[in-house]
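# Residue-level structural notes
Here is how the chains run, residue by residue.
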Amino acid sequence: MQERARDVGPWSLEKLTLLRKYLAAYVNATKDIWERGDIITYVDLFAGPGLVKNRDTGEVFDGSPLIAMRLEPPFSRFILLDLDPDHVLALQDWVTRLGLQGKTQILQGDCNVQIQTVLRSLSRSGASFFFLDPPSPALAWNTITQISRIQMWPSGNKLEQFILFPYNMGLVRMLPRDENPELIWGETTEEQISSVMPDPVKWRKVYQAWQQGSFEAAQKRRRFLYLYWSGLKELGYNYVLGPRTIRRQNRRALYDLFFCSDHPVGNKIMADVFRPQLSFGEQLPLVQEDPYNFRQGERWYLDLSEKWDHARHNCHRVDQQDLEPGYRVYQGQPWL
Ligand SMILES: C[S@@+](CC[C@H](N)C(=O)[O-])C[C@H]1O[C@@H](n2cnc3c(N)ncnc32)[C@H](O)[C@@H]1O
């Protein structure tokens, strides 16, 4: 069978390097669990065909499932899923070649539909790592939520999730400044965005404020990333790391990575892996424990009360005393 490889931009190799670094440390850190007979599972819900090809150079590299399947010490089990039947066939071929049939379950379909099947077949003893690498806004928030509800035995830890959030590469084009997105992208556009965001109301508030000129696109981006981070935090994880931005060579942001874990060691390793030594451009500071790590003037967008709406629409007339404590009125660009 001819090896199938997915064409990717060189930035995908940075993402895969971060994954490889984390997993290499993860299998070592979980060796004790494995040695006492518990199960360490790698789950990839957007697995691809196994290989990726750098579209600039033609070089072929291992994609996420092959990175995981070739690690030493090895994972005890793998669950791989993809929507594309050809990718699933290519994965089956790899599993046979690597002699991993007894350890691997391969599923075909939409991961948002199949998530309960995946979770039912997951061993609850030991530890599990989920890689969620959607090509577009295809990862439903509900899927992330369902994953976060499972606790492992005996640690009680929630499942670790490493998530790609396709803000620049997916959501931005769906959020035009001067037009109704549904007139361009179809009636279900807002529904689709709501399905991938933690909250169907907050992102709309941010979007509308940007359309009305309250702040620039870079600030809209920060707010979307923050909403995503705080949504993950609200799932109850002890640690949520991100955003780790992956950029093109010309420094334009493409997508952002987030990591959720209950384990301090996992958090420490990923904080190290996220350091931007490989990156093409600057990073926002990683948001860690303090939800107000963002600039104080940006706090307003967490408040969705009518007062906030009133204040924004009447921003020229708003005085400091009209606002809740901690909110500030700015001269010129009032909300920045
Ligand atoms: C960005 S690629 C991921 C590649 C893989 N992680 C790698 O390193 O090679 C996205 C993959 O997700 C698959 N996909 C798209 N939508 C999906 C969905 N709703 N559920 C499962 N897989 C999906 C595509 O067929 C594609 O193989």
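Residues numbered from 1 in each chain as written. Predicted model: local features only at pLDDT ≥ 70, side-chain atom pairs only at ≥ 80, totals over all residues.

With that settled, consider the nonpolar core. By size, the foremost hydrophobic cluster in this structure holds 77 residues, and its most contacted members are Y22, F130, L132, F162 and F258. The greatest single-element share of this core, amounting to 7 residues, is contributed by strand β10 (residues 253–261). With near-sequence residues (within four places) excluded, F130 lies in contact with V43, L45, I147, L159, E160, Q161 and F162. (Core = buried A, V, L, I, M, F, W, Y, C linked by C-beta atoms within 7 Å. Buried ≥ 20, exposed ≤ 12 C-beta atoms within 10 Å, placed from the backbone. Helix = DSSP H or I, 4+ residues; strand = E, 2+ residues; numbered from the N terminus. Contact = placed C-beta atoms within 7 Å.)

A word on the sheet that holds strand β4 (residues 60–62). Within a sheet, neighbouring strands are paired by backbone hydrogen bonds and run either parallel or antiparallel to one another. Taken in spatial order, the 3 strands of this open sheet run β1-β3-β4, and their pairing is mixed. Pairing within the sheet leaves two strands with one partner each, and these edge strands are β1 (5–8) and β4. Pairs of neighbouring strands in the sheet enclose a mean axial angle of 35°, with direction left out of account. Summarising the sheet, β1 and strand β3 (residues 51–54) pair through 4 bridges and their orientation is parallel. Paired with D7 across the two strands is K53, which belongs to β3. (Pairing = 2+ DSSP bridges. Axes fitted to C-alpha atoms, helices over the stretch in contact; angles between N-to-C directions.)

In space, the 7 strands of this open sheet follow the order β6-β5-β2-β7-β8-β10-β9, with mixed pairing throughout. A strand with exactly one partner marks an edge of an open sheet, and here the two such strands are β6 (104–108) and β9 (239–247). Pairwise comparison of adjacent strand axes, ignoring direction, gives a mean angle of 10° for this sheet. The sheet contact formed by β9 and β10 spans 7 bridges and is antiparallel. For T245, the partnering residue across the bridge sits in β10 and is D256. Along the sheet, helix α11 (residues 217–234) makes contact with β8 (160–165), β9 and β10, crossing β9 at roughly 150°. On top of the sheet, helix α12 (residues 264–273) reaches β8, β9 and β10; it is set at about 20° to β9, its chief contact.

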